[in-house]
Each structure stands twice: as structure tokens, then as C-alpha cells.
Amino acid sequence: MLKQEMLLMVRALYFCMEDTWDKIGKKYDISPAQQHILFLLSTNGNKLTPSKIGELGCWHPSTVSRLINRLQKNGYIKVNADKSSRFKMVSMTDEGKQLLEQLLDAAKAMEEFPFDMQHLSEQEILTFLECGQKILEVQKGKDFRQNVISKRVDNYDYA
């Protein structure tokens, strides 16, 4: 029973967040997944291969291609062949960086983003975060946690 309850809880929380990011993205005509790619680029030195984007975003290669194509078409990213290897590299354009900042500012301005947590104590929030980190580390490994969860957008205050 706990397994089912955990599954349903995580899924419900995910959809609440996805809905909030979708509302923010509608103003800028960008999906939550596309927003996540901009975030991943920003927190990983603005240079990732499509396969690394797929790994960090937990997406199939065809999904990554579709997302990248749309972002590139809108001028938010560029895809170049890396001269030092045989891989393509994805990076954000100045327009993409500006858009990401607008998205983060919109999220920051929301009183209850990502959720209304006023009724939770600081200890409850810390316990939730600790449990989530343990689960992610077992499921995806320490490298994933360090490259996704522990990353921050440089020079940006989330609070």
C-alpha cells in the first residue's frame, strides 16, 4: 500500500509543478520540457550534447530532437558540431538566456511557487528534500543528482 501511495503522491506533485511551469510558459510560448532544457544548459556551462540533455532530462532521443528543433527554430539555442569531437553541442543563445531569466523571474514572483508550503515547517521541508535526494540517488545515481538537483543558475537568486 505504501508503494502505491508513494507513486500517486510523486505523480500528483509532478503534475502540480508541470501545470505551474505550463502556465508560466504559455506567456512565452514555451513548454515545460523546453524550459527544462534551457535550465539544464544554464546550469551545465551552457554546453551539452543532445545525448547528455536526454540523460539529464530523462527523455528518449527522439523527444530530445523534437525539443531541440523547436528551441533552435525559435532562436533560443544553437546546435554546432564540436570541433574537438564528433559530437554536436547545444548551447543557449542570448535570446535563450534572456528568456530563461524571464521564466525564472515569473516563477520567483509567484507567492506559492512551486507549491503553497506555508503550512509546512522548515523541518518538514528538509525531511522531504532529504527523502527525495535519497530516492533520486538510488534511481539515477550521484552524478545525476549533482548535475540536476544540486545545480544553480549562476548569479540568480531563486528566493
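First, a word on what this report is: a plain description of the structure on this page. No experiment lies behind these values; they were computed from the predicted model shown. (Residues numbered from 1 in each chain as written. Predicted model: local features only at pLDDT ≥ 70, side-chain atom pairs only at ≥ 80, totals over all residues. Heavy atoms only, no water.)

Section: the environment of Ser65
Thinking step 1. Among the structural elements, Ser65 can be located in helix H4 (residues 61-73).
Thinking step 2. By relative accessible area, which is 40% here, Ser65 ends up partly exposed.
Thinking step 3. Between the alpha carbons of Ser65 and Pro50 there is a distance of 7.5 Å; along the sequence they are 15 residues apart. (Helix = DSSP H or I, 4+ residues; strand = E, 2+ residues; numbered from the N terminus. Buried < 20%, exposed > 50% of the residue type's maximum accessible area, 1.4 Å probe, protein only.)

Examining helix H2 (residues 32-43)
Thinking step 1. Here H2 spans 16 Å end to end across twelve residues, near enough to the 16 Å set by a 1.5 Å rise per residue.
Thinking step 2. Among the twelve residues in H2, eleven count as buried, and that is most of the element.
Thinking step 3. Among the residues of H2, those classed as buried are Pro32, Ala33, Gln34, Gln35, Ile37, Leu38, Phe39, Leu40, Leu41, Ser42 and Thr43.
Thinking step 4. Among the residues trailing H2, Gly45 stands out with phi positive, at a value near 70°. (Expected span 1.5 Å × (residues − 1).)

As for unusual backbone geometry
Thinking step 1. Positioned with a positive phi, Asp29 is a non-glycine residue whose angle comes to about 55°.
Thinking step 2. Within the fold, Asp29 resides in the loop between helix H1 (2-28) and H2.
Thinking step 3. Of note, Asn46 is a non-glycine position whose phi angle comes to about 55°, a positive value.
Thinking step 4. Tracing the backbone through its elements, the reader meets Asn46 in the loop between H2 and helix H3 (50-57).

So, the state of the cysteines
Thinking step 1. Using the criterion set out here, one finds zero disulfides in the structure.
Thinking step 2. The thiol sulfur of Cys16 is not disulfide-bonded, and the nearest other cysteine sulfur, from Cys131, lies at 19 Å.
Thinking step 3. Classification of Cys16 by relative accessible area gives partly exposed; the value is 42%. (Disulfide = S-S within 2.5 Å.)

Comments concerning the packing of H1 against helix H5 (residues 94-109)
Thinking step 1. Running from N to C, H1 and H5 point in directions that differ by 135°, and their axes come no closer than 10 Å. One finds that H1 runs oblique with respect to H5. The hand of the H1/H5 crossing is right-handed. Each of Trp21, Ile24, Gly25 and Tyr28 in H1 lies in contact with H5, whose residues at this interface are Leu99, Gln102, Leu103, Leu104, Ala106 and Ala107.
Thinking step 2. Taken together, the residues of the contact of H1 with H5 sort by class into eight nonpolar, two polar and no charged. (Axes fitted to C-alpha atoms, helices over the stretch in contact; angles between N-to-C directions. Parallel < 35°, antiparallel > 145°, perpendicular 65-115°, else oblique. Left-handed = near helix turned anticlockwise from the far one by under 90°. Contact = heavy atoms within 4.5 Å. Nonpolar A, V, L, I, M, F, W, Y, C, P; charged D, E, K, R; others polar.)

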